[in-house]
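Listed below are the residues making up each chain.
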Amino acid sequence: MKVKINRNAAKALKKILEEEGEDKLFRVYVTNIHGDHAHYDLKLDTPTENDEVVQTDKDIDFILDKNDDYLDGVWIQFFHVPKEEWLITNPSKGGHHHHH
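The model shown is predicted, which means the values in this text are computed figures rather than measured ones.

Draft legend 1. The pairing of strand S5 (residues 61-65), seen in detail. Pairing of strand S2 (residues 25-34) with S5 involves 2 bridges; the strand directions are parallel. When the bridges of S5 are listed, Phe26 appears paired with Phe62. Hairpin connection, strand S4 (residues 51-55) to S5: the antiparallel pair is bridged by 5 residues, and Asp59 has positive phi, about 65 degrees.

What follows is the structure, given as structure tokens:
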């Protein structure tokens with residue numbers, strides 16, 4: 001499974017981990033599925049046997065539920081401008097998900 005993260009997001013998450021992470025990692029999870037795309041959020045968590053710990057190129061690892069297809073390829077971005085906001089999307093799933 002794959003996760004991409006931008007530099008701002010990595011910096012912000014590392015800061016949180018230093019302050020309160022202890023032995024935890026960030027879990028990316030689906031909050032709800034809306035039509036053909038999902039909404040995502042992050043929380044500090046510890047992996048279980050249903051999870052995969054995914055490394056990114058920004059030296060930060062994420063926990064993903066390996067049975068959740070919507071999580072593979074998720075892209076985590078954090079912007080300072082025009083306002084501070086998180087944007088978590090999945091370019092590989094958005095709008096191109098074929099229903100069976």
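Draft legend 2. Helix H1 (residues 7-21), seen in detail. Among all positions in H1, only Ala9, Ala10, Ala12, Leu13 and Gly21 are buried. Looking straight down H1, one finds its buried side chains confined to an arc of 165 degrees; they lie on one side. Exposed residues lying more than 90 degrees from the buried face of H1 are Arg7, Lys11, Lys15, Glu18 and Glu19. The inward-facing, buried residues of H1 abut strand S1 (3-5), S2, strand S3 (37-45), S5, strand S6 (74-79) and strand S7 (85-89). Residue Glu22 follows H1 closely and has a positive phi angle near 45 degrees.

Draft legend 3. Region of the structure containing unusual backbone geometry. Geometrically, the link from Val81 to Pro82 is a cis peptide bond, its omega value of 0 degrees lying close to zero. Take Pro82: it is sitting in the loop between S6 and S7. The phi angle at Asp59 is positive, at roughly 65 degrees, despite the residue not being glycine. Looking at the element boundaries, Asp59 is found in the loop between S4 and S5.

Draft legend 4. Local environment of the environment of Lys93. With respect to the helices, strands and loops of the structure, Lys93 is situated in the segment after S7. For Lys93, the side chain forms a polar contact with the main-chain oxygen of Asp69, separated by 3.5 Å.

Draft legend 5. Focus on the sheet that holds S6. An order of S1-S6-S7 is seen for the 3 strands of this open sheet, with the pairing classed as mixed. Unpaired on one side and paired on the other, S1 and S7 mark the two borders of the sheet. Geometrically, the sheet is characterised by an average inter-axis angle of 15 degrees between neighbouring strands, direction not taken into account. Looking at chain direction, S6 and S7 are connected through 5 bridges and run antiparallel. In the strand pairing of S7, Trp75 is matched with Thr89.

Draft legend 6. View of the sheet that holds S3. Strand order in the open sheet formed by 4 strands is S3-S2-S5-S4, with mixed pairing between adjacent strands. Where the open sheet ends on each side, the last strands, each with one partner, are S3 and S4. Strand-to-strand twist across the sheet, computed as the mean angle between neighbouring axes with direction ignored, equals 35 degrees. The pairing of S4 with S5 spans 5 bridges and is antiparallel. Each residue of the ladder has a partner; that of Gln55, found in S5, is Asp61. Contacts from H1 reach S2, S3 and S5 within the one sheet, and its direction differs from that of S3 by about 40 degrees.

Parameters at a glance
- Residues numbered from 1 in each chain as written.
- Predicted model: local features only at pLDDT ≥ 70, side-chain atom pairs only at ≥ 80, totals over all residues.
- Heavy atoms only, no water.
- Pairing = 2+ DSSP bridges.
- Helix = DSSP H or I, 4+ residues; strand = E, 2+ residues; numbered from the N terminus.
- Buried < 20%, exposed > 50% of the residue type's maximum accessible area, 1.4 Å probe, protein only.
- Arc of directions from axis to C-beta.
- Contact = heavy atoms within 4.5 Å.
- Polar contact = N/O pair within 3.5 Å; in protein donor to acceptor, adjacent residues only side chain to side chain.
- Axes fitted to C-alpha atoms, helices over the stretch in contact; angles between N-to-C directions.

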